[in-house]
Amino acid sequence: MKKITIDEILAATGGRLIQKSDETFITGVWHDSREVYAGDMFVAIIGENNDGHSYIPQVVEKGCRTVLVSHTGQWLAELDDTRQSVNAILVEDTVEAMGKLAAWYLESLNIRRVAVTGSVGKTSTRDMIYYVLSEKYNCGRNLKNYNNRVGLPISIFQFDESTEAAVLEMGMDSFGQVDYLSRIVKPQVGVITNIGVAHMEKLGSREGIFRAKMEITGNIVPKAEGGTLVFAGDNEFLTKAGTSGDYEQVEVGTEKDADLVISDIDDFGIEGIKFTAVCNGEKAEVKLPVPGTHNAKNAGLALAVGKRLGVSLEEGARGLAKTELTGSRLRKIEGKSITIIDDTYNANPDSMKSALDVLKKSAARRRVAILGDMFELGDQTELLHREVGLHAKEIGIDEVICIGDLAERISEGAIGTHFPDKETFLKVIGDYIREGDLVLVKASRGMELEKIVEVLETL
């Protein structure tokens, strides 16, 4: 991060300096007290379970001399006891103020800005765009899975004058969130991966999900400034007619009338895929070390973004060949006697079916799926779980093991084995796994099925 002066923080946030130190600038911004050191600004956030203001004496002890706060209370009294001089900047809402500061900071860097949203594949697509752009630019991206009102600004503060492009993923589970995040980014290129059923519980319908994702378009820079929306055409919601606005449109798809056409997809299971991409007369053969035919479109989106920002298809294909996905997304692990596909990061019906397809197309003696609950699916929860089970049965997965109350519906569709929780299953896991098995593990993040992965690695 480049230096930000205290005066610049006050101007960007509208804050008031209620206490002052000799420090006139900061070189980092963090909301986690464990990450804060001398030169950083600590953002005190009031959460559901604790108040970040209570950590202020702790970060000051570590050398931090600037804090962003929303109230004066016990922390100030404790700080007075230490006799430390600190820049205390008072704002109404520290999260909102941090977002304003991040927007100002990103604008000051004058870099190429890409924002990614969608129901499924946001992080994978973000990572692929990062590798494509990195063939030509010094590119930045979100830290880990930092894609919300707190994480996105924290990620932005990691960039500096050497950053030439940034690709930023935007998560959401309700209306207004994509609008808020994209107002911070003000993207030159916005990307929508798809419209699925994730977060149906809060958004009500796929039409509601579409409206929520389309919030990104309200903050793309105008067409006259190069504003572009890149999307994976679905012939239902994501169409040229349905996504029009004051920006260029680039549709990625398998139909010949798409702007970037994906064809000749070869699926090698867990080893990855190969496909052909064609755009404006340019053609490239792409080898992607990421499994799943669905990732051909995600990679196509990355290539399309690259083209808009001056990266040729050939250069983009070289970048895609280097792709490593963030977190536990279809990650291949070699255990002692089995192979594991760790996809425990998260789950929804679309990604669950795609992961099952990867499992089916991978070479193995026996294919086993360990599947858990999927959350936030609203009144279609039981139906959507059952459909996943029916898909597993239809494609011929050898063994389907289901964990959790909701996953019992998966078991019914797949005619599989059901356990109420992972603890019960772990007691008998050895009875269900054989030497040479290929085992997929997937569920919503809250199920914490990575604990099953840890045990599988020892078998």
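What you see is a predicted model, and the numbers here were worked out from it, not measured in a lab.

Chemist: Quick one: what's the story with the overall build of the protein, residue by residue and with numbers?
Modeler: Counting secondary structure elements, the protein contains 16 helices and 22 strands. For 459 residues, the compact-globule formula gives about 23 Å, and the C-alpha radius of gyration of the protein, at 24 Å, lands near that figure. Based on the C-alpha atoms only, the size of the protein along its principal axes is roughly 65 × 60 × 40 Å. When each of the 459 residues of the protein is scored for burial, the buried share is 56%. The contacts in the protein between residues at least 6 apart in sequence include a share of 66% that link residues at least 24 apart. Accessible surface, the protein: about 19100 Å² in total, of which carbon and sulfur atoms supply 44%.

Chemist: An account of the sheet that holds strand S22 (residues 437-442) is needed here, citing residue identities and associated values.
Modeler: Pairing is mixed across the open sheet formed by 6 strands, whose spatial order is S17-S18-S22-S19-S20-S21. Only two strands of the sheet have a single partner each, and these edge strands are strand S17 (331-334) and strand S21 (417-419). Averaged over all adjacent pairs, the angle separating strand axes in this sheet is 20 degrees, with direction ignored. Relative to S21, strand S20 (residues 399-403) runs parallel, the two sharing 3 bridges. When the sheet's bridge partners are listed, isoleucine 401 is paired in S21 with threonine 417. Relative to strand S19 (residues 366-372), helix H12 (residues 349-361) is tilted by about 165 degrees, and along the sheet it contacts strand S18 (339-343), S19 and S22.

Chemist: Would you mind going over helix H4 (residues 94-109) in detail, with residue names and values included?
Modeler: Think of an α-helix as 3.6 residues a turn; residues three or four steps apart then line up on the same face. The end-to-end C-alpha separation of H4 is 23 Å, in line with the 22 Å expected for 16 residues at 1.5 Å each. All buried positions along H4 are accounted for by Thr94, Val95, Ala97, Met98, Gly99, Leu101, Ala102, Ala103, Tyr105, Leu106 and Leu109. N-cap assignment for H4: the residue whose side-chain oxygen lies 2.9 Å from the backbone N of valine 95 is aspartate 93. In the segment just after H4, asparagine 110 is the residue with positive phi, at about 55 degrees.

Chemist: With reference to specific residues and values, describe the pattern of salt bridges.
Modeler: A complete count under the given rule lists 28 salt bridges for this structure. Ionic pairing is found between lysine 353 and glutamate 387, a salt bridge with its closest N-O pair at 3.8 Å. Taken together, the residues lysine 353 in helix H12 and glutamate 387 in helix H13 (residues 381-395) connect sequence positions 34 residues apart. Relative accessible area serves as the criterion here: at 25%, lysine 353 is assigned to the partly exposed category. Via salt bridges that share partners, Glu382, Arg386, Glu408, Arg409 and Glu412 belong to a single interconnected network.

Chemist: Can you explain the packing of helix H5 (residues 122-133) against helix H10 (residues 294-308)? Please cite residues and give values.
Modeler: The interhelical angle for the contact between H5 and H10, taken along N-to-C directions, is 40 degrees, at an axis separation of 8 Å. By the angle between their axes, H5 is oblique relative to H10. The two elements H5 and H10 cross, and the hand of that crossing is right-handed. Of the residues in H10, those in contact with Ser124, Thr125, Met128, Ile129, Val132 and Leu133 of H5 are Asn295, Asn298, Ala299, Leu301, Ala302, Leu303, Val305 and Gly306. Broken down by class, the residue content of the contact of H5 with H10 amounts to 9 nonpolar, 5 polar and no charged.

Chemist: Before we move on, can you summarise the pairing of S18 with the specific residues and values?
Modeler: In terms of burial, S18 is a largely internal element, 5 of the 5 residues being buried. What you see with S18 is no split at all: Thr339, Ile341 and Asp343 on one side and Ile340 and Asp342 on the other are buried throughout. Here S17 pairs with S18 via 4 bridges, running antiparallel. Among the inter-strand pairings, isoleucine 333 is bridged to a residue of S18, identified as isoleucine 340. Across 5 bridges, the pairing between S18 and S22 is parallel. Note on S22: the bridge partner recorded for isoleucine 341 is leucine 440.

Reading guide: rules and limits
Residues numbered from 1 in each chain as written. Predicted model: local features only at pLDDT ≥ 70, side-chain atom pairs only at ≥ 80, totals over all residues. Heavy atoms only, no water. Helix = DSSP H or I, 4+ residues; strand = E, 2+ residues; numbered from the N terminus. Rg over C-alpha atoms; globule rule 2.2 N^0.38 Å. Buried < 20%, exposed > 50% of the residue type's maximum accessible area, 1.4 Å probe, protein only. Contact = heavy atoms within 4.5 Å. Areas by Shrake-Rupley, 256 points an atom, 1.4 Å probe, with all protein chains shown as cover. Pairing = 2+ DSSP bridges. Axes fitted to C-alpha atoms, helices over the stretch in contact; angles between N-to-C directions. Expected span 1.5 Å × (residues − 1). Polar contact = N/O pair within 3.5 Å; in protein donor to acceptor, adjacent residues only side chain to side chain. Salt bridge = Lys/Arg side-chain N within 4 Å of Asp/Glu carboxyl O. Parallel < 35°, antiparallel > 145°, perpendicular 65-115°, else oblique. Left-handed = near helix turned anticlockwise from the far one by under 90°. Nonpolar A, V, L, I, M, F, W, Y, C, P; charged D, E, K, R; others polar.

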